[in-house]
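Chain by chain, the residues:
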There are 2 protein chains.
Amino acid sequence: MQVNTHLQQLKGNYLFTEIANRTQAYQQAHPEANVLRLGIGDVTLPLPPVIIDAMHRAVEDLAHAETFRGYGPEQGYHWLRQAIIDNDYTPRGINLTPEEVFISDGAGSDLGNLSELFDAANSVAILEPSYPAYVDTNRMAGREIIWLPCLEEHNFYPDLPKQKADIIYLCFPNNPTGTVLTRDELARWIEYARTNHSIILIDAAYEAFIEDPNIPHSIYEIDGAQEVAIEIRSFSKTAGFTAVRCGYTVVPKATGLQAMWSRRQCTKFNGASYISQRAALATYTPEGKAGIQANLNSYKQTARILSAGLCALGYTVYGGKNAPYIWCKTPDKMDSWAFFDRLLNQCQIVCTPGVGFGNAGQGFVRFSAFSNRKDVEEALKRMKTLA
Amino acid sequence: MQVNTHLQQLKGNYLFTEIANRTQAYQQAHPEANVLRLGIGDVTLPLPPVIIDAMHRAVEDLAHAETFRGYGPEQGYHWLRQAIIDNDYTPRGINLTPEEVFISDGAGSDLGNLSELFDAANSVAILEPSYPAYVDTNRMAGREIIWLPCLEEHNFYPDLPKQKADIIYLCFPNNPTGTVLTRDELARWIEYARTNHSIILIDAAYEAFIEDPNIPHSIYEIDGAQEVAIEIRSFSKTAGFTAVRCGYTVVPKATGLQAMWSRRQCTKFNGASYISQRAALATYTPEGKAGIQANLNSYKQTARILSAGLCALGYTVYGGKNAPYIWCKTPDKMDSWAFFDRLLNQCQIVCTPGVGFGNAGQGFVRFSAFSNRKDVEEALKRMKTLA
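About the cut-offs
- Residues numbered from 1 in each chain as written.
- Chains lettered and ligands numbered in written order.
- Predicted model: local features only at pLDDT ≥ 70, side-chain atom pairs only at ≥ 80, totals over all residues.
- Heavy atoms only, no water.
- Contact = heavy atoms within 4.5 Å.
- Buried area = accessible area lost by both parts, 1.4 Å probe.
- Salt bridge = Lys/Arg side-chain N within 4 Å of Asp/Glu carboxyl O.
- Polar contact = N/O pair within 3.5 Å; in protein donor to acceptor, adjacent residues only side chain to side chain.
- Helix = DSSP H or I, 4+ residues; strand = E, 2+ residues; numbered from the N terminus.
- Nonpolar A, V, L, I, M, F, W, Y, C, P; charged D, E, K, R; others polar.
- Domains from an automatic or database assignment.
- Buried < 20%, exposed > 50% of the residue type's maximum accessible area, 1.4 Å probe, protein only.
- Pairing = 2+ DSSP bridges.
- Right-handed = clockwise from strand over helix to strand, strands pointing away.
- Least-squares fit on C-alpha atoms with pLDDT ≥ 70 in both.
- Phe/Tyr/Trp six-rings, centres within 6.5 Å; stacked < 30°, edge-to-face > 60°.
- Lys NZ or Arg CZ within 6 Å of the ring centre and 35° of its normal.
- Core = buried A, V, L, I, M, F, W, Y, C linked by side-chain atoms within 4.5 Å.

### A few points about the interface of chain A and chain B
Piece 1. Residue-level contacts link 73 residues of chain A with 73 residues of chain B.
Piece 2. Of the roughly 5900 Å² buried between chain A and chain B on both sides combined, carbon and sulfur atoms contribute 60%.
Piece 3. At the junction of chain A with chain B, the criterion picks out 2 salt bridges.
Piece 4. R263 of chain A serves as the salt-bridge partner of D136 of chain B, at 3.2 Å between the closest nitrogen and oxygen.
Piece 5. Linking chain A with chain B are 29 residue pairs in polar contact (both at pLDDT 80 or more), by the criterion used here.
Piece 6. Looking at the side of chain A that touches chain B, the elements with two or more residues in it are α1 (5-8), α3 (49-61), α5 (107-113), α6 (132-140), α8 (235-239), α9 (258-268) and α10 (274-282) of chain A.
Piece 7. At 6 residues, the largest contribution of residues to the side of chain A that touches chain B is made by α9 of chain A.
Piece 8. Classifying every residue of the side of chain A that touches chain B gives 33 nonpolar, 25 polar and 15 charged.

Given below as structure tokens:
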């Protein structure tokens with residue numbers, strides 16, 4: 001048996017595992033330390049009551065013969081797919097059918113598995129810095145990667161690829177830089193993809209953080225996008241579902257890929273948890289919408305406080321508006337991991353080293369706003385001692 | 001962009017989708033008909049109270065700041081991995097560490113995704129008849145398949161591959177034939193794999209149906225198996241979790257694949273639902289064990305009634321002992337789909353056409369025991385009119 005050498009040769013330590021390991025080592029050496037975790041983009045606020053109630057009811061359904069459920073449709077329950085269309089797409093003038101919406105156990109799985117739709121020989125363009133899974137997934141498949149640097153001197157906007165890119169991974173609002181694209185900027189990417197017969201995979205996990213009315217919430221707000229774009233969304237950051245596990249991916253029939261993705265999912269996936277799908281449905285009720293909006297407002301406030309506080313301490317910061325991430329330049333061109341270690345050792349603060357998102361992230365760290373006001377204010381107080 | 005032509009060229013209709021389509025068409029044409037579903041292997045009995053309570057508590061954890069959880073470990077919570085070892089392996093004399101046990105959202109995902117560990121050029125040996133996903137997954141990856149026919153004249157036991165097989169998919173207790181392997185028979189496969197440097201992927205989803213003390217519950221009961229075998233298990237059939245979604249896969253370090261699988265999961269999977277993992281943990285409590293055993297006993301009784309009833313009607317049947325599936329020869333060498341249609345149209349019974357599991361399944365249909373006594377007795381009564 002020959003192993004997949006592409007997978008075997010991948011660097012061993014995944015970014016977030018390395019952060020967890022260093023944090024754990026520090027915590028073990030300093031058991032009394034109150035470590036503030038502003039690194040990983042994980043939600044912290046409890047779920048709204050209407051979502052909790054929906055999950056209790058779904059659990060209860062499984063307790064009684066009359067309401068018991070077994071396997072659901074691999075692509076997700078029709079009621080959830082329809083609710084997504086009715087709430088997330090129709091109001092923005094986007095026409096989709098339930099067959100084009102695929103419920104999953106989260107965007108992470110879909111972003112990894114969508115790679116299977118494509119031949120290994122395709123070229124892949126990936127923003128740099130970028131969420132590491134896009135890169136690792138394509139390296140596992142043996143694909144060459146075209147880097148699209150997002151640099152400070154261009155306000156972290158990527159240029160269109162100079163060579164032909166077959167598959168393009170986008171993420172807006174961007175993780176880690178917090179950059180967002182206007183309608184016109186997004187339209188340039190659609191035009192590129194249509195001209196070059198490329199496919200765009202857009203990770204829209206942070207869509208709910210958009211506040212600026214000029215920023216489109218879905219790529220399908222741009223004419224022609226349904227022919228060249230797959231949009232991946234998640235309830236993780238929108239509704240706090242990182243433990244619940246539910247997301248969805250839109251594969252329009254116009255891409256020519258909808259039947260293939262359906263076949264893939266029917267073969268290698270047995271559907272998302274019934275309880276998680278009921279929870280997702282509850283996010284579209286009036287109480288659900290209000291509840292998740294209250295949590296989002298809290299995270300947005302944290303982002304504003306953190307962003308303003310870092311500025312006041314003399315740091316150069318980007319993002320944090322229309323996005324939950326703050327992209328912070330290290331002082332004195334310091335190495336990302338060195339600044340990570342300094343923050344951990346001197347301030348007991350965990351951030352994410354920018355270089356973990358690719359070489360173009362060197363000299364930056366990412367702070368996440370998925371925290372609370374108290375911790376962020378405490379973090380800023382501690383960072384004063386560094387200056 | 002070039003699509004994955006292996007995936008594109010796969011036959012469009014997945015077996016269970018085709019069954020669902022034909023059943024739905026019949027039901028729409030005959031809305032008054034009471035269709036008895038003895039086809040798909042989906043559980044029907046409600047979950048035991050202790051598991052329901054565990055899920056309610058897990059849901060409630062997500063409602064309060066003090067107990068809220070976000071992302072869990074991609075490989076699953078340590079408490080569940082340890083409980084699996086303590087209950088499913090240590091009592092059988094098998095030594096494993098929690099790092100070798102990976103929690104997933106179900107065996108279906110793992111059986112599909114494990115294919116990524118291996119180079120596309122490996123040869124793959126698959127039993128015929130077989131669960132279609134093994135075949136489709138490897139066809140999507142572009143691998144050649146070596147068929148290992150399991151024929152009636154050999155009591156549905158496969159022979160060892162005549163040509164060298166790099167990857168071997170086994171499933172015991174077998175879906176669809178119900179065949180089980182003794183310790184000595186399983187040892188021959190381990191020896192083959194060790195001699196030929198093959199890897200065995202064994203789907204042990206139906207392990208809980210084993211009653212015969214001579215049948216091993218885990219492949220690791222055989223010496224040397226940890227070097228050449230990956231075991232895939234599921235709470236779906238054991239504990240009725242087809243809606244809940246939880247399974248696990250054991251990748252022993254001795255296979256040399258444990259680190260690669262961990263890397264794959266950390267990149268493309270964000271962990272199983274916290275609620276599902278709490279539910280799985282509850283299956284190992286004394287009340288949980290008693291509750292799932294009561295459900296299993298009910299399914300086993302259904303299997304016995306169905307098996308004996310079909311025999312009494314003159315059918316030749318296999319399986320149904322140590323396994324939830326009954327493999328039934330069609331009358332007069334009838335085609336599998338033709339008999340499926342006859343049962344649906346004349347008796348309003350849904351079975352699974354054997355040929356859907358591969359050509360060696362032609363002339364058979366599979367009945368599932370995941371039903372109740374009442375439905376099975378009604379089905380047998382209706383089938384009397386056929387004879």
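### Comments concerning the domain arrangement of chain A
All names here are of chain A.
Piece 1. Entries for chain A in the domain assignment read domain 1 (5-47 + 293-384) and domain 2 (49-287).
Piece 2. With 33 residues of domain 1 at the interface, the matching set in domain 2 holds 40 residues.
Piece 3. Its largest share of buried area at the contact with domain 2, domain 1 owes to L47, N322 and F357, together 26% of the area lost on that side.
Piece 4. Linking domain 1 with domain 2 are 2 salt bridges.
Piece 5. Note that K329 is salt-bridged to E152, the shortest N-O span being 2.8 Å.
Piece 6. Of all the elements in the fold, those that place two or more residues in the side of domain 1 that touches domain 2 are α1, α2 (15-29), α11 (286-312), β9 (317-319), β10 (325-329) and β13 (364-368).
Piece 7. Element by element, the count of residues in the side of domain 1 that touches domain 2 is highest for α11, at 4 residues.
Piece 8. Partitioned by chemical class, the residues of the side of domain 1 that touches domain 2 number 18 nonpolar, 9 polar and 6 charged.

### Here we look at unusual backbone geometry
Piece 1. Each neighbour pair has its own omega, and for F172 of chain A with P173 of chain A the value is -10°, a cis peptide bond.
Piece 2. The topology assignment puts P173 of chain A in the loop between β5 (167-171) and α7 (183-196).
Piece 3. Cis geometry is adopted by the peptide bond preceding P176 of chain B, which originates at N175 of chain B and carries an omega value of 15°.
Piece 4. Here P176 of chain B shows up in the loop between β5 (167-171) and α7 (183-196).
Piece 5. Positive phi is not limited to glycine here, since F156 of chain A has a value of about 65°.
Piece 6. Looking at the secondary structure, you find F156 of chain A in the loop between β4 (145-149) and β5.
Piece 7. With relative accessibility at 2%, the residue F156 of chain A sits in the buried group.
Piece 8. Phi angles above zero are rare outside glycine, and K333 of chain B is one such case at about 50°.
Piece 9. Structurally, the position occupied by K333 of chain B is in the loop between β10 (325-329) and α12 (336-347).
Piece 10. A relative accessible area of 79% means that K333 of chain B is categorised as exposed.

### Looking at the pairing of strand β3 (residues 124-128) of chain B
All names here are of chain B.
Piece 1. With respect to burial, β3 is a largely interior element, 5 of its 5 residues being buried.
Piece 2. Residues of β3 alternate between two faces, with V124, I126 and E128 on one and A125 and L127 on the opposite face, all of them buried.
Piece 3. Bridge count between β3 and strand β4 (residues 145-149): 5 bridges; the pairing is parallel. Looking at β4, one finds that V124 is bridged to I145.
Piece 4. Taken together, β3, helix α6 (residues 132-140) and β4 constitute a β-α-β crossover, and its handedness is right-handed.
Piece 5. Sheet topology places β3 next to β5; 3 bridges connect them, and they run parallel. Across the sheet, residue I126 finds its bridge partner in β5, namely Y169.

### Topic: the relation of the copies chain A and chain B
Piece 1. Mapping chain A onto chain B calls for a rotation angle of 180° and an axial translation of 0.0 Å; the resulting RMSD is 0.0 Å. Interpreted geometrically, this transformation is the action of a two-fold axis. Considering only C-alpha atoms, the part of chain A nearest the rotation axis is H56 of chain A, at 3.0 Å.
Piece 2. Both copies present the same face, since 100% of the interface residues in chain A are matched by interface residues at the equivalent positions in chain B.

### Regarding the packing of aromatic side chains
Piece 1. For the structure on display, the rule yields 43 aromatic pairs over all chains.
Piece 2. With 6.5 Å between their ring centres and 55° between their planes, Y318 of chain A and F364 of chain A make a pair best called tilted. Taken together, the positions of Y318 of chain A in strand β9 and F364 of chain A in strand β13 put the pair 46 residues apart, joining distant regions of the chain.
Piece 3. Judged by its relative accessible area of 19%, Y318 of chain A is buried.
Piece 4. With a relative accessible area of 6%, F364 of chain A lands in the buried category.
Piece 5. Between Y131 of chain B and Y134 of chain B the ring centres are 5.5 Å apart and the planes differ by 70°, which places this aromatic pair in the edge-to-face class.
Piece 6. Relative accessible area serves as the criterion here: at 2%, Y134 of chain B is assigned to the buried category.
Piece 7. Every member of this aromatic cluster is reached through a ring pair, and the members are Y89, Y220, F235, F241, Y248 and Y284 of chain A.
Piece 8. It is R278 of chain A that lies over the ring of W79 of chain A; its NZ or CZ is 4.0 Å from the centre.
Piece 9. One residue, R81 of chain B, lies across the ring of F102 of chain B, its end atom 5.7 Å from the ring centre.

### Focus on the pattern of salt bridges
Residues and elements named next belong to chain B.
Piece 1. Per the counting criterion, the structure on display carries 34 salt bridges over all chains.
Piece 2. The residue R194 makes a salt bridge to E227 at a minimum N-O spacing of 3.1 Å. With R194 in helix α7 and E227 in the loop between β6 (199-203) and β7 (229-234), this pair connects stretches of sequence that are 33 residues apart.
Piece 3. Look at R194 and you get partly exposed, because its relative accessible area is 38%.

### Digging into the nonpolar core
Piece 1. With 281 residues, the main nonpolar core has M55 and F367 of chain A together with M55 and F367 of chain B as its most contacted residues.
Piece 2. In this view, M55 of chain B contacts V59, L62 and I275 of chain A together with L47, V244, I275 and A279 of chain B; residues no more than four positions away in its chain are not counted.

### Quick word on the sheet that holds β10 of chain B
All names here are of chain B.
Piece 1. The 4 strands are arranged β9-β10-β13-β12 in an open sheet whose pairing can be described as antiparallel. Every other strand in the sheet has two partners, leaving β9 (317-319) and β12 (352-353) as the edge strands with one partner each.
Piece 2. With 2 bridges connecting them, β12 and strand β13 (residues 364-368) associate as antiparallel partners. Its bridge partner lying in β13, T352 is registered against R366.

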